[in-house]
Each structure stands twice: as C-alpha cells, then as structure tokens.
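Each chain is listed here by its residues.
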Amino acid sequence: MKLLVCVSKTPDTTTKISFTENDTNFNTQGVQFIMNPYDEWYALVRALELKEKLGSGTVTIINVGPADNDTVIRKGLAIGADDAVRIDANPTSSHFVAKQIAEYAKAQSYDIVFLGKETIDYNGAEVGSVMAEMLDAPFISFATHLEVNGNTATINREVEGGTEVLEVDTPFLISAAKGMAEQRIPNMRGIMMAKRKPLNVVPAVDSSDLVSVTKYELPSGKTDCKYVDPENMEELVSLLHNEAKVI
Amino acid sequence: MAVLVYASNAEGKLKKSAFEAVTYGKKAASILGCDVHAIVLGAADDAGKLGEFGASKVFQLNDANLSNFDSQTHANVVAQVADKIGATLVVCAHDSFGKSLVGRLAVRLNAGTVSGANSLPSMDNGFSVTKNVFSGKAVATYHVSSEKRVVSVMGNTFPPEAVGSAVQPESIDVTIPANRVRVKEVKTVKGTVPLPEAELVVSAGRGVKDPGNWGIIQELADTLAATTACSRPVADMGWRPHHEHVGQTGVAIRPNLYIAIGISGAIQHLAGVNQSKTIVVINKDPEAPFFKAADYGIVGDLFDVVPKLTAAIKKHQSS
Ligand SMILES: Cc1cc2nc3c(=O)[nH]c(=O)nc-3n(C[C@H](O)[C@H](O)[C@H](O)COP(=O)(O)OP(=O)(O)OC[C@H]3O[C@@H](n4cnc5c(N)ncnc54)[C@H](O)[C@@H]3O)c2cc1C
Ligand SMILES: Nc1ncnc2c1ncn2[C@@H]1O[C@H](COP(=O)(O)O)[C@@H](O)[C@H]1O
C-alpha cells in the first residue's frame, strides 16, 4: 500500500502567544515549534503500523512549508516514514495547503491519505475536507480506529455521544484522533537513518486565498478568582445560582 | 440571496446544534437582509420545528443514500440546494458532521470558509467573523473576500431563540449521488448528554487517586444532571473512557459550567476547557495553576468538599 501522511508544524502548546504589525501577524520570535501532535502521535504512527502489519508498502510524509520545517519533517522520518516531500511555500490558508497536497497526490495515486484531526494553532479541521473534495475521494474525519483488509477499511469515527463504525474502499482520506495509535519516540538508530532518507522539495502551484486574517486579539483576561470557604458550599451554590446563573 | 442552514440530525431527530445553527443563520440573514432556509438530509420528525427558530422554508430529503452521513454525498446535495436558492452564506454547526462538510462545500461553491466561528458576520469591511485560534489563547478576525461564504458555528455560543412558528418541510429537486462510505453501526452512549453538547460538566483529575473513588464525582454529576469528563492521565490510566478526556489532545468543550476537581490545570488541559463560561476549581493545593483560570475556587480536600457540594446542591434543589 502507498500511504501518505500530511504533517504540519505548530507552536508548542506552552508557547506564549503574541502578535506584531499592529496585531495582524503571529510573532514567531522565540516560539518553539513542534510537529502537530495529532499528525505525529496518531496519523503517522497508524500508517507505520499498517505498513508493518502488511509487510510491504511505503509511508511518505508531506508538508507544505518553508525550509525551516525540515527539522519537523526529519523527526517524522526518524519515527519511521520512508521518505518525505516538502512543498516549498508559506501555508497561507487551509485551502492553499489542501490544493498543494491534492495536486501532488493526484499524480501519485496513494491508497490512503492520513491527516491529523486538526492543527492546534488555527484549529481549522479543514484541510482534509477541502482536499477530499478536490480529489473526489471519501473522507472519514476524527477516526479513532482503523483496520484494513484488502481494499476495504473498517473505521471507527467519533460523533457527539457515540461512535460510528463504517466501511470504505481505498482510496480515501482519513483524519486521526486519539485512540488511533500510541505515540512513538524516535530512537537513535531512527534519527541516524533519517538523515539519509530522501526529502524532496517541490515547488508550489498557484492558488488564491478567499480568506485572510485581518486582526488578532488576546482574550480579555479572567477577572480574579473568587475563593469560597470549603466549609460553606451553600455559598458556592448561591453564587452559581444568583451571580453566574448557571444552575 | 439567501442564507442556507445545514441542520444536523441523528437517530431520527435534529441535534441541538441544528437549532443553534439556524439561530445563527437567522441573525446573519437579518444582517445580510435576506431570508434563511434550512436543509435536513435524512430522517428527523421534528424538521419543521426549524421554522420556530427563523427558517422560512425547510427542505427535507429522504433517500437511502442520505440516511447515514457521508460528507461527500451531503456536500454534493447541500451545494445543489445552495445554488438553487442563490445562497450567499451557508451555515452549519461546528460538530462532527459540519466540520467535515465545510471544506467540501467551499470547493463546490468556490466559497471562502471560516470553521468554528464565534461571532455573527460584520459587514463593515466586506464580510468578516471571528474565531478562537491557538487553542483559545487568541481570537482572530477572518475576512472572506468571495461572494459566497461557508461558516461553521462553534457549539454552545448561540443559544437557540424561538422567533416564529413551525413550517411544513418541503422537498426540493436535486440529484442524489450514491454513498461511498457505508455506516455499519452507530454505538451511542445512552443516558447522558454528549460532552460537546453538555451545558454542565463535572470533571476530575489525578487528584481522585483511584478509579474506585469516582463515586463521589458521579454523584455530584448526577445531582446536577451534568456530564462527566476527566484529564488526560485519568483516561490514559483507564480510570475513565477515552471519550471523556478533555483538553488539547482530547475533546474541546465550552459548557456554561465546568467544575474541575483534583486537576492541576496544565496548559494542555486548559486548552480544551478555557472557553467555559463559568469555571469552578476544587484543589487542595492553593498554588495549582487552575485557580488562575477559575471564576470560583475552593482550596480543600476533594474527598471532603465534593460530598458537601453535592449536599448543598440537593438542599438548593429541594428549596
Ligand atoms: C502535547 C501534550 C498534550 C496534552 N494534552 C492533554 C489534554 O488534552 N488533556 C489533559 O488533561 N492533559 C493533557 N496533557 C497532560 C498535561 O500536561 C497534564 O500532565 C495533565 O493535565 C495533568 O493531569 P491532572 O491535573 O489530572 O494531574 P496532576 O497534574 O497530577 O494534578 C492533580 C491535581 O490534584 C490535586 N489533588 C491531589 N489530591 C487532591 C485532593 N485530595 N483534593 C483536592 N485536590 C487534590 C493536586 O494538588 C494536583 O493539582 C498533555 C500533555 C502534552 C505534553
Ligand atoms: N502545512 C501543512 N502541511 C501538511 N499538512 C498539513 C498542513 N497544515 C495542515 N495539514 C494537515 O491537515 C490537518 C488538519 O489541519 P487544519 O485543517 O489546519 O486543522 C493537520 O492535522 C495535518 O495533517
């Protein structure tokens, strides 16, 4: 099977967020970047497990981004991907990213394209659905379980209040949520091997954006916490009822 | 010109998020100066009720290929309806269905999209809406330059508002493609409000020490008719099911009330709950970072505080 895993680079969750240019740009100065956890822990690892189980096939990782992203891509190779592709462009929107990967994937006929459930910076969960439409392929989002038997996959997908169990034939796209796999930490051998694995840089195709961020704001800070005496839970109940009006 | 709302349904009924989406659609339609219509795909015996929340027409299509959700089929049909009625804005809920539709609709309609919007459109400078980014650590204003737009609306942000009366659902002429995704089974967790839709959430962390101690947490939740949640380690250790794990890598929620018990308040946990309207923190460590995000704090031992809180709520309920 030919498997493609879309990986993105996001600021580490613990990063302090700030903006420049009159609050129109995210300030990347001093920000620690990581591979998006859903892409790394769940999508990539599940793809590797499938290949290992089948005993054949390839796992390629793909990223749309500038040359700085190579460190994140090499980490994916160290975890076990066979090769990598970087589409050399600044990812300006989910539409832009989807278009780049879709154009590349069209020519390669992958059996399964894996994505993460969402990126933890813009929290769009959009790329997969845009790309699926461009590729005219089924897309199963928020998958927590995937088994493949021949050309048919059985997938569990999270929905509000439950789980859907569904079946789909390859080729398809899938976005991975918690439950799909367990995080793998790259070992020394993997890190050494990653240095020699191919990382192909390809130019971007034209794409126009219909959406742009015009302003960022930090949410207004919480007012101070009101402390309630642990011996006086009646007071808390009264505050929740009369002041917060939530019960 | 019109606004089209995709109303999510499950098990023969509209979902709560459908009423939120149509309320948003109605308000957006008054800003744009047009009508709002709704589309329901598959069974929902309460589809006409969308009229009460502002939909002047409700289209409903029943077909074997629509009875289960396949984002490809649904997007195809919704796009046809949007074209027919000349929709310049398509609205859906930012739920497990809506999230997989927006991108597809964007491609079909050549529309700009904003997923997870938390404001009504502003027309001051073209079309813009805001949404939370960086896991709730910032708010971004998105400008959409295309003539058509697709917006998914964050849950529990626009409470349903009744403004009119029910309408009779009608059919509309579209071609329905064959499903490619075959839904075999839907396993539902019975009895409780699903976490993403819950207005009241009682959540506990490693402070409960042992899964055998969950009883006091459950009793508080049951007393409030709240849904239970937990921190990541609690789910990872198998004390609670994975779907209850909230935070960065779990579910993101925004209930009216979030009671955090024995949870330290790590940033990855806060990322999934910091949009809650009111946060109560119960922790024995006065330095626990969660207190910085709390509206009400109780410094104390949860084994002592939680039963007292449950008792106080019962007393309040019976008075
Ligand atoms: C990339 C990444 C993603 C992550 N994603 C998530 C996520 O989605 N969700 C998540 O929750 N975590 C996540 N984590 C883990 C997170 O960093 C914390 O480790 C975790 O949230 C801690 O869980 P906890 O608060 O239950 O446990 P602890 O940090 O151990 O805190 C237990 C708390 O209970 C209090 N306590 C103990 N006994 C009592 C008592 N008797 N009465 C009252 N209080 C008591 C203690 O004072 C302490 O504050 C993630 C971590 C990483 C690196
Ligand atoms: N720049 C990128 N390069 C490659 N894949 C990406 C990129 N951005 C997003 N993705 C993929 O799309 C998924 C969903 O992202 P998003 O729609 O931004 O929430 C991510 O989990 C990745 O798998």
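Quick summary incoming for the structure in this document.

## Comments concerning the site of ligand 2
All names here are of chain A.
Right, on to step 1. Around ligand 2 sit 19 residues, and of these Cys6, Asp39, Thr119, Ala125 and Glu126 come closest.
Right, on to step 2. With respect to ligand 2, the backbone of Glu126 contributes an N or O atom lying 2.7 Å from an oxygen atom.
Right, on to step 3. Protein coverage of the free-state accessible area of ligand 2, which is 480 Å², stands at 94%.
Right, on to step 4. Taken together, the elements giving at least two residues each to the shell around ligand 2 come down to strand E6 (58-65), helix H3 (94-106) and strand E8 (112-116).
Right, on to step 5. If one sorts the elements of the shell around ligand 2 by residue count, E6 sits on top with three residues.
Right, on to step 6. Its residues assigned to classes, the shell around ligand 2 comprises ten nonpolar, six polar and three charged.

## Side note on the site of ligand 1
Right, on to step 1. Around ligand 1, a shell composed of 27 residues is seen, among which Arg206(B), Ser231(B), Ser264(B), Gln268(B) and His269(B) lie nearest.
Right, on to step 2. More than one chain reaches ligand 1: the nearby residues come from chains A and B.
Right, on to step 3. The contact in question runs from an oxygen atom of ligand 1 to an N or O atom on the side chain of Gln268(B), over 2.8 Å.
Right, on to step 4. With respect to ligand 1, the side chain of Asn283(B) contributes an N or O atom lying 2.8 Å from an oxygen atom.
Right, on to step 5. With the chains in place, 81% of the 990 Å² that ligand 1 exposes on its own is no longer accessible.
Right, on to step 6. Going through the elements one at a time, helix H5 (232-236), helix H6 (267-273) and helix H7 (302-318) of chain B are the ones with two or more residues in the shell around ligand 1.
Right, on to step 7. Of the residues belonging to the shell around ligand 1, the class tally is seven nonpolar, 14 polar and six charged.

## Things to note about a nonpolar patch on the surface
Right, on to step 1. Residues Met188(A), Ile191(A) and Met192(A) make up a contiguous nonpolar surface patch of roughly 290 Å² in combined accessible area.
Right, on to step 2. Counting through the fold element by element, Met188(A) comes out in helix H5 (residues 188-194).

## So, the sheet that holds strand E7 (residues 83-88) of chain A
Right, on to step 1. Here ten strands make up an open sheet; going across it, the order is E13(A)-E7(A)-E6(A)-E1(A)-E8(A)-E12(A)-E9(A)-E10(A)-E11(A)-E11(B) and the pairing mixed. Each edge of the open sheet carries a strand with a single partner, namely strand E13 (199-203) of chain A together with strand E11 (182-188) of chain B. Here the average twist between neighbouring strands, direction ignored, is 30 degrees.
Right, on to step 2. Alignment of strand E10 (residues 152-159) of chain A against strand E11 (residues 162-169) of chain A, held across eight bridges, turns out to be antiparallel. Each bridged residue has a counterpart across the sheet, and for Thr154(A) the counterpart in E11(A) is Glu167(A).

## Concerning the interface of chain A and chain B
Right, on to step 1. Contacts between chain A and chain B engage 77 residues on the former and 86 residues on the latter.
Right, on to step 2. Summed over both partners, the interface of chain A with chain B buries about 6900 Å², with 56% contributed by carbon and sulfur atoms.
Right, on to step 3. Between the two partners, chain A and chain B, sit ten salt bridges.
Right, on to step 4. Counting the contacts that link chain A with chain B gives 41 residue pairs in polar contact (both at pLDDT 80 or more).
Right, on to step 5. Elements with a contribution of two residues or more to the side of chain A that touches chain B: helix H1 (37-54), helix H4 (127-135), strand E9 (139-149), E10, E11, strand E14 (211-217), strand E15 (226-227) and helix H6 (233-243) of chain A.
Right, on to step 6. In terms of residue class, the side of chain A that touches chain B is built from 41 nonpolar, 15 polar and 21 charged.

What counts, and at which threshold
Residues numbered from 1 in each chain as written. Chains lettered and ligands numbered in written order. Predicted model: local features only at pLDDT ≥ 70, side-chain atom pairs only at ≥ 80, totals over all residues. Heavy atoms only, no water. Near = heavy atom within 4 Å. Polar contact = N/O pair within 3.5 Å; in protein donor to acceptor, adjacent residues only side chain to side chain. Areas by Shrake-Rupley, 256 points an atom, 1.4 Å probe, with all protein chains shown as cover. Helix = DSSP H or I, 4+ residues; strand = E, 2+ residues; numbered from the N terminus. Nonpolar A, V, L, I, M, F, W, Y, C, P; charged D, E, K, R; others polar. Patch = residues over 30% accessible without salt bridge, like charges linked within 9 Å, V, L, I, M, F, W, Y side chains within 5 Å. Salt bridge = Lys/Arg side-chain N within 4 Å of Asp/Glu carboxyl O. Pairing = 2+ DSSP bridges. Axes fitted to C-alpha atoms, helices over the stretch in contact; angles between N-to-C directions. Contact = heavy atoms within 4.5 Å. Buried area = accessible area lost by both parts, 1.4 Å probe.

Fair warning: the whole summary comes from geometry, so function is off the table for now.
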